[in-house]
Amino acid sequence: QVRLVESGGGSVQAGGSLRLSCAVSGYINNRRWMAWFRQAPGKEREGVAAIESDGITTYTDSVKGRFTVSQDTAKNTLSLQMNILKPEDTAMYYCAAGSEPFAYLNQLAYTYWGQGTQVTVSS
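Values in this document were obtained by computation on a predicted structure and should not be read as measured data. (Residues numbered from 1 in each chain as written. Predicted model: local features only at pLDDT ≥ 70, side-chain atom pairs only at ≥ 80, totals over all residues. Heavy atoms only, no water.)

Participant: An account of the overall build of the protein chain is needed here, citing residue identities and associated values.
Facilitator: For the protein chain, the helix and strand inventory stands at zero helices and eleven strands. Secondary structure elements in the protein chain, listed N-terminal to C-terminal, are β-β-β-β-β-β-β-β-β-β-β. The buried share among the 123 residues of the protein chain stands at 39%. The contacts of the protein chain with a sequence gap of at least 6 include a subset with a gap of at least 24, amounting to 59%. For the protein chain, the exposed surface amounts to about 6,500 Å²; the carbon and sulfur share of it is 46%. Taking the average place of the 11 positive charges on the side chains of the protein chain and the average place of its 10 negative ones, the gap between the two points comes to 4 Å. (Helix = DSSP H or I, 4+ residues; strand = E, 2+ residues; numbered from the N terminus. Buried < 20%, exposed > 50% of the residue type's maximum accessible area, 1.4 Å probe, protein only. Contact = heavy atoms within 4.5 Å. Areas by Shrake-Rupley, 256 points an atom, 1.4 Å probe, with all protein chains shown as cover. Lys, Arg positive; Asp, Glu negative; His and termini not counted. Charge placed at Lys NZ, Arg CZ, Asp CG, Glu CD.)

Participant: Let's hear about the state of the cysteines: which residues, and what values?
Facilitator: Within this structure, the stated rule accounts for one disulfide. Between the sulfur atoms of Cys22 and its disulfide mate Cys95 the distance is 2.1 Å. Looking down the S-S bond of the Cys22 and Cys95 bridge, the torsion is -75 degrees, so its handedness is left-handed. Taken as a pair, Cys22 in strand β3 (residues 18-25) and Cys95 in strand β9 (residues 91-98) lie far apart in primary sequence, 73 residues in all. (Disulfide = S-S within 2.5 Å.)

Participant: Go over the sheet that holds strand β1 (residues 3-7) with me, naming the residues and quoting the values.
Facilitator: Remark on secondary structure: sheet strands pair via backbone hydrogen bonds, oriented parallel or antiparallel. Overall, antiparallel pairing links the four strands, which are arranged β1-β3-β8-β7 in an open sheet. Each having just a single partner strand, β1 and β7 (67-72) make up the two edges of the open sheet. Shown here is a sheet whose adjacent strand axes are inclined to one another by a mean of 15 degrees, direction ignored. (Pairing = 2+ DSSP bridges. Axes fitted to C-alpha atoms, helices over the stretch in contact; angles between N-to-C directions.)

Participant: Let's hear about the pairing of β7: which residues, and what values?
Facilitator: Looking along a regular strand, one sees side chains alternate from face to face of the sheet. The pairing of β7 with strand β8 (residues 77-82) spans six bridges and is classified as antiparallel. Residue pairing for β8: Ser70 is matched across the bridge by Ser79. The hairpin formed by β7 and β8 contains four residues between the paired strands, and Asn76 there has a positive phi angle of roughly 60 degrees.

Participant: I'd love a proper account of the pattern of salt bridges, names of residues and values included.
Facilitator: By the definition in use, this model includes five salt bridges. Residue Arg38 pairs with Asp89 through a salt bridge whose shortest N-O separation is 3.0 Å. Here Asp89 lies in the loop between β8 and β9 and Arg38 lies in strand β4 (residues 33-39), a separation of 51 residues in the sequence. Take Asp89: its relative accessible area is 1%, and that puts it in the buried class. Where Lys64 meets Asp61, a salt bridge forms, and the shortest distance between an N and an O atom there is 2.9 Å. You can call Asp61 exposed: its relative accessible area is 60%. (Salt bridge = Lys/Arg side-chain N within 4 Å of Asp/Glu carboxyl O.)

Participant: So what's going on with a nonpolar patch on the surface? Which residues, and what values?
Facilitator: Together, Ile56, Phe102 and Tyr104 line one region of the surface with nonpolar side chains, adding up to about 340 Å² of accessible area. Among the structural elements, Phe102 can be located in the loop between β9 and β10 (112-113). For Phe102, a relative accessible area of 64% corresponds to the exposed category. (Patch = residues over 30% accessible without salt bridge, like charges linked within 9 Å, V, L, I, M, F, W, Y side chains within 5 Å.)

Participant: With reference to specific residues and values, describe the side chain of Ser79.
Facilitator: Looking at the element boundaries, Ser79 is found in strand β8. If near-sequence neighbours (up to four positions away) are discounted, Ser79 is found in contact with Arg19, Leu20, Ser21, Trp36, Thr68, Val69 and Ser70.

What follows is the structure, given as structure tokens:
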């Protein structure tokens, strides 16, 4: 059984930093992409950052230069370093994994999802 468990969320002031982690257990056949998505209250879930098994990364425009996605294949973990946080980054953050070759930030291409971790940024 595949499980994705996020951690590292919390409350910070604007300008601060947080590091999210996602621990993957179980076997995902031909896993290609892992990603972070977020959903703010009253808004649709959106892709934040994704990383392909060969190291290709992609980010949504609003976090470029502030967030960094990385993975440790040996430890089977995904991370998201978030710097210069803004109030508009406040959301529930979800980790996802998938086997589609061109998943990028398309949430429909992801099969496995975590339960989420809350990030709250105050002004």
